[in-house]
Amino acid sequence: MTAYIGLGSNLADPVSQVQLACSELKQLPESHVLACSSLYRSPPMGPADQPDYINAVAAIETTLTPHQLLAELQAIEQRHGRKRERRWGARTLDLDLLIYAEMALSDERLTLPHPGLAERDFVLYPLQEIAPSLVVPGLGALDLLVGNCPSKGLSRYE
């Protein structure tokens with residue numbers, strides 16, 4: 001199955017955090033990284049009293065179930081010192097399972113596609129970079145989603 005993962009950081013050298021996490025995805029069991037997008041800088045979505053984020057999106061091929069993959073992603077976050085102190089607060093690393101094949105799922109641990117995906121430029125633009133013809137389950141063609149989500153200060157990180 002092809003899965004797409006959002007990566008973000010705004011603490012403890014965010015560029016290195018996201019680059020290292022992209023490399024760590026290559027170590028996931030039963031999985032193979034297909035692509036990692038460029039890095040993007042974005043203003044914080046939540047409280048404004050925090051640094052800008054560095055974001056990227058990765059595509060992987062996996063035989064892990066969505067919940068197994070989520071557990072692996074959370075383990076990577078923990079190794080990076082992720083603390084969940086306040087909603088949308090600053091973080092060393094945030095890994096979000098955005099899309100898993102054509103699956104639609106909603107339970108107490110996981111919602112697929114990721115809620116809010118269609119409104120988040122820092123997800124849509126890097127996703128379009130690596131999967132321009134993607135159709136997001138239940139939401140439609142990615143190019144239309146991007147067209148309906150203007151950039152709110154997002155820029156490619158050089």
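Here, every reference points to the structure presented above.
The shown structure was predicted, so the numbers you read here are calculated from the model rather than taken from an experiment. (Residues numbered from 1 in each chain as written. Predicted model: local features only at pLDDT ≥ 70, side-chain atom pairs only at ≥ 80, totals over all residues. Heavy atoms only, no water.)

### Focus: the nonpolar core
Put simply, the rule is: Nine residue types can take part in a nonpolar core, namely buried Ala, Val, Leu, Ile, Met, Phe, Trp, Tyr and Cys, and a core is a set of them joined through side-chain atoms within 4.5 Å. A 1.4 Å probe rolled over the protein chains alone gives each residue an accessible area, and that area as a share of the maximum for its type sets the label: buried under 20%, exposed over 50%, partly exposed in between. The way it works is that DSSP assigns letters per residue, a run of H or I at least four long becomes a helix, a run of E at least two long becomes a strand, and they are numbered from the N terminus.
Leu-7, Leu-25, Leu-69, Leu-95 and Leu-97 are the most contacted members of the largest nonpolar core, which has 26 residues in total. Mapped by element, the contributors of at least two residues to this core are β1 (2–9), α1 (14–25), β4 (53–62), α2 (66–79) and β5 (94–100). Listed in part, the 20 residues of the second largest apolar core include Tyr-40, Val-123, Ala-131 and Leu-154.

### A closer look at the environment of Tyr-157
Turning to its location among the elements, Tyr-157 is positioned in the segment after β10 (155–156). Take Tyr-157: its relative accessible area is 31%, and that puts it in the partly exposed class. Residues Tyr-157 and Glu-129 lie 28 residues apart in sequence; the distance between their C-alpha atoms is 14 Å.

### Details of the environment of Val-18
For the record, the criterion: A contact between two residues is defined here by any heavy atoms of the two lying within 4.5 Å.
The residue Val-18 is located in helix α1 in this model. Under the relative-accessibility criterion, Val-18 is labelled buried at 0%. Linking Val-18 and Met-103, residues 85 residues apart in sequence, is a C-alpha distance of 26 Å. The residues contacting Val-18, other than those within four sequence positions of it, are Leu-7, Gly-8, Ser-9, Leu-39, Ile-54 and Ala-56.

### Some remarks on unusual backbone geometry
Glycine aside, a negative phi is what most residues show, and trans is what most peptide bonds show. With omega at -15 degrees, the peptide bond leading from Leu-112 into Pro-113 counts as cis. In this structure, Ala-101 takes a positive phi of about 50 degrees despite not being glycine. Its location among the elements puts Ala-101 in the loop between β5 and β6 (105–106). Classification of Ala-101 by relative accessible area gives partly exposed; the value is 23%.

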